[in-house]
Amino acid sequence: MDILKVLSRGTKKTSKGAGPNGCNTQLPSAGTKTNPQLYNDEIRGMKRKRGAEQPKESVPTDLPIVDFFAPKPQPAENQKTDAVKSQREPSPPPAPVKKLTEDECRRLLRAHRLKITLLSKHEEPKKVKKSRKRQSTVVQKKKDDKRMLFPQPLESFGHLRTTYGIPRQVAENLVQQSYRLPTEVQMGSLPLLLRPEVALGSEDHFGRGVDFLAVAPTGSGKTISFLIPAISNIIRRRERASMQGAHELEAIIVAPTRELVHQIVNEGSKLVQGTGVKIVAMKKTTQLSAEERVLADDSSDDELDVDVEDEEEPGSDDDKKCRMRRSKPHPLTKTDIVVTTPALLMNFLTAADDGTQKVLPTVRELILDEADVLLDPLFREQTLGLWTACTNPELRLSFWSATMGSNIEALATEKSGDRAEALGITPRPLVRLVVGLKDTAVPNIVHKLTYTASEQGKLLALRQLLHPAGSDGSGTPLRPPFLVFTQTIDRAMALHEELKYDIPLEAGGPTRIAALHSALADSARSTIMRKFRAGEIWVLITTDVLARGVDFAGVNGVVNYDVPGSAAAYVHRAGRTGRAGREGGIAVTLYTKEDIPFVKTVANVISVSDKQAGKTGEQAGVQKWLLDALPNVGKADRKKLKERGVESRRSSSGSKAKITSKSGYERRKENNRRGAIDANRRKRIEGAGQDDEWDGLGD
């Protein structure tokens, strides 16, 4: 026996499931989880019955392991063209699925914490006497609104083909992408969006379909939930109209950021292979098939007169001709689905200067991803403009997000009714799906609040996370890759400059740390995203531009270097890890003395999320004594924090906004040294100028 090895062993026991160095091996980057569902409560008399009726294909036993640091895969030889795929024989249909009773549906939905509510029925009020007409209409509305629904849940992706009739090629693409067991949001949304009359039974007011509003945790599969119905409906309509090979814009998906737009297009491209459906991302040069409509309001006429006068100024005709020569006409983009940000599509619709605006009468489906942001005052005007431009009476709306306030729900209901009234049609019923509790973070990750006192303490705490001392085996270490969120672009750049030399050259050096924000060019942002997904970048410092919707399957943790501006911001930031049910992710929030008045909002979210996960006592991320000690955040402070963030970090000239490891004394000393050097340089220049003017005494 080697006595040196015995004496050098640690005295502390490693935690259960930890590796030889005390590192937790259950990390999101270690691979995929067999069961992507977040909730599956045991209900008396239900577990055995579900196990007997559950098809074998719904529980995959051998899924591919995702290695975040693996080299880029080479193009596989088995990738076939669309022509070869179309020659394949159709797969045999599975056996028909037996429908569940209403009581079984109720218990199964509750087991997965699914709550489906009819927000508005939108039926015409019944004819009553004039004296009691108003009162009866109000009673009828209250009776119909917010009624609980218990539709047939989707227990396996195989049922989409047999029960809900999705196209064969779409079903095969789902199998190829290893979709077997649906997540909670997919269980509740896909039956309602594909065939609501089958999911809800023979109710007449659901025959035309439903408008849908979904509130589900981050990383729970919302993108697939709205892509499958959109693609399936387009294929069905093309088959009925015999439009094989032709493309007509039928669906618009709106997202708040360009990164999320490209991600949706990437996921959609996998599902449309071999179907003939085309999905593209909107660009500045994209030209869509649209009709022009004359603006009817008086204000537009006045503005048009002003524009005409401006064009008659001297030199304006030459400028206009130069602009016309520079802007060459672009060909029409033929596509079935377009994914865009609100600004890009609105610029296309309102680009005309002749008092007209383009409309999109062929669009039958409008999908708002991250709808709470799109209907927030920042994007509200543009989003409502897109909504108005879709003039098809058969337009179906769907709203998706992990956080949805009651004001957003009320706005969606109100605008839907106003649009129907303007077009003279009866709108579809609005159905809401809530997974778990609203506005809570994912329960399968660890949440931590760390007090650092000052900005220098923040930097020290982040370096400790970057260089963890895992020999003691205490706590849950944070392993790369992870995201670091800051409040402003300046702070993201300063933090990147401070940390880029912290990783040794042997491990890649500065190339392992990068900063991504909206001030970068599109090509630079795309390159950073590609490298981070490929594992070439380990630490990505960013702003809230990556806080929503972007899916990183292998992110092990999230660090909130600056406190989020709202509870919703924390929910979305923390949701970048623990995607698709993966466990082992960590969300660390650093806060200083200036942040104490605003930490209560984040602490409440962590407390509710831990209760959902069943974490109590020492396992909870926030202790009760801390919740009681933190001050409550006023409504005015919450609004200001959401819009501006912590005010002391807004100005780059303020001392509290600087991110540096140097003390105040060292910074003053360096500043004085630089001032002395500049003063000496000026003196030498002035002295040299005086010597040139004095020629001395002549001969």
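Residues numbered from 1 in each chain as written. Predicted model: local features only at pLDDT ≥ 70, side-chain atom pairs only at ≥ 80, totals over all residues. Heavy atoms only, no water.

Under an unreviewed UniProt entry, the protein has the name ATP-dependent RNA helicase and belongs to Metarhizium album. Taken from UniProt, the Subunit (unreviewed entry) comment for the protein reads in full: "Interacts with the U3 snoRNA and is associated with the 90S and 40S pre-ribosomes." (UniProt positions renumbered as here; feature names shortened; annotations may be inferred.)

Q: How would you explain the sheet that holds strand E7 (residues 337-340) if you had to name every residue and give the values?
A: Here we have nine strands laid out as an open sheet, ordered E2-E1-E11-E3-E10-E9-E4-E7-E5, and mixed in their pairing. Since the sheet does not close on itself, it has two edges, and those belong to strand E2 (147-149) and strand E5 (279-281), each with one partner. Taken over all neighbouring pairs, the strand axes of this sheet differ in orientation by 20° on average, direction set aside. Both strand E9 (residues 365-369) and strand E10 (residues 396-401) contribute to a ladder of five bridges, which runs parallel. Within E10, the position partnered with Asp369 by the bridge is Trp400. The strands touched by helix H11 (residues 258-271) are strand E4 (251-254), E5, E7 and E9; relative to E5, the strand with the most contacts, the crossing angle is about 165°. (Pairing = 2+ DSSP bridges. Helix = DSSP H or I, 4+ residues; strand = E, 2+ residues; numbered from the N terminus. Axes fitted to C-alpha atoms, helices over the stretch in contact; angles between N-to-C directions. Contact = heavy atoms within 4.5 Å.)

Q: Help me get a handle on the packing of helix H21 (residues 567-574) against helix H22 (residues 599-612), residues and values and all.
A: The N-to-C vectors of H21 and H22 enclose an angle of 55°; their axes lie 9 Å apart at closest approach. With respect to each other, H21 and H22 are oriented oblique. Remark: the crossing between H21 and H22 carries right-handed chirality. Here Ala567, Tyr570 and Val571 of H21 lie close against H22, whose contacting residues are Thr601, Val602, Val605 and Ile606. Counted by class, the contact of H21 with H22 contains six nonpolar, one polar and no charged residues. (Parallel < 35°, antiparallel > 145°, perpendicular 65-115°, else oblique. Left-handed = near helix turned anticlockwise from the far one by under 90°. Nonpolar A, V, L, I, M, F, W, Y, C, P; charged D, E, K, R; others polar.)

Q: How would you explain the packing of aromatic side chains if you had to name every residue and give the values?
A: For the coordinates displayed, the defined rule picks out six aromatic pairs. The rings of Phe212, Phe226 and Trp400 are connected pair by pair, giving a single aromatic cluster. Sitting over the ring of Phe150, Arg106 keeps its end group 4.4 Å from the ring centre. (Phe/Tyr/Trp six-rings, centres within 6.5 Å; stacked < 30°, edge-to-face > 60°. Lys NZ or Arg CZ within 6 Å of the ring centre and 35° of its normal.)

Q: Could you give me a rundown of helix H10 (residues 222-241), with the residues and numbers involved?
A: In this model, H10 (20 residues) spans 30 Å end to end at C-alpha, consistent with the 28 Å of a helix rising 1.5 Å per residue. Burial within H10 is extensive, with 15 of its 20 residues counted as buried. Looking one or two residues beyond H10, the residue adopting positive phi is Ser242, at roughly 55°. (Expected span 1.5 Å × (residues − 1). Buried < 20%, exposed > 50% of the residue type's maximum accessible area, 1.4 Å probe, protein only.)

Q: Quick rundown of unusual backbone geometry? Include the residues and the values.
A: A cis amide bond links Pro480 with the next residue in sequence, Pro481, at an omega value of 5°. Of note, Pro481 is situated in the loop between helix H18 (455-466) and strand E13 (482-485). You will see that Glu370, though not glycine, has its phi angle at about 60°, which is positive. Judged by relative accessible area, which is 4%, Glu370 ranks as buried.

Q: Outline the sheet that holds E13, listing residues and values.
A: Judged by pairing direction, the sheet is parallel, and its six strands sit side by side in the order E12-E17-E16-E13-E15-E14 without closing on themselves. Each end of this open sheet is capped by a strand with a single partner; those strands are strand E12 (446-453) and strand E14 (513-516). With direction set aside, neighbouring strand axes in the sheet form an average angle of 20°. Summarising the sheet, strand E16 (residues 557-560) and strand E17 (residues 586-592) pair through four bridges and their orientation is parallel. The residue of E17 that forms the bridge with Gly557 is Ile586. Along the sheet face, H18 touches E12, E13, strand E15 (539-542), E16 and E17 and points at about 160° away from the line of E17. Packing against the sheet, H22 makes contact with E12 and E17, and its axis sits at approximately 155° to E12.

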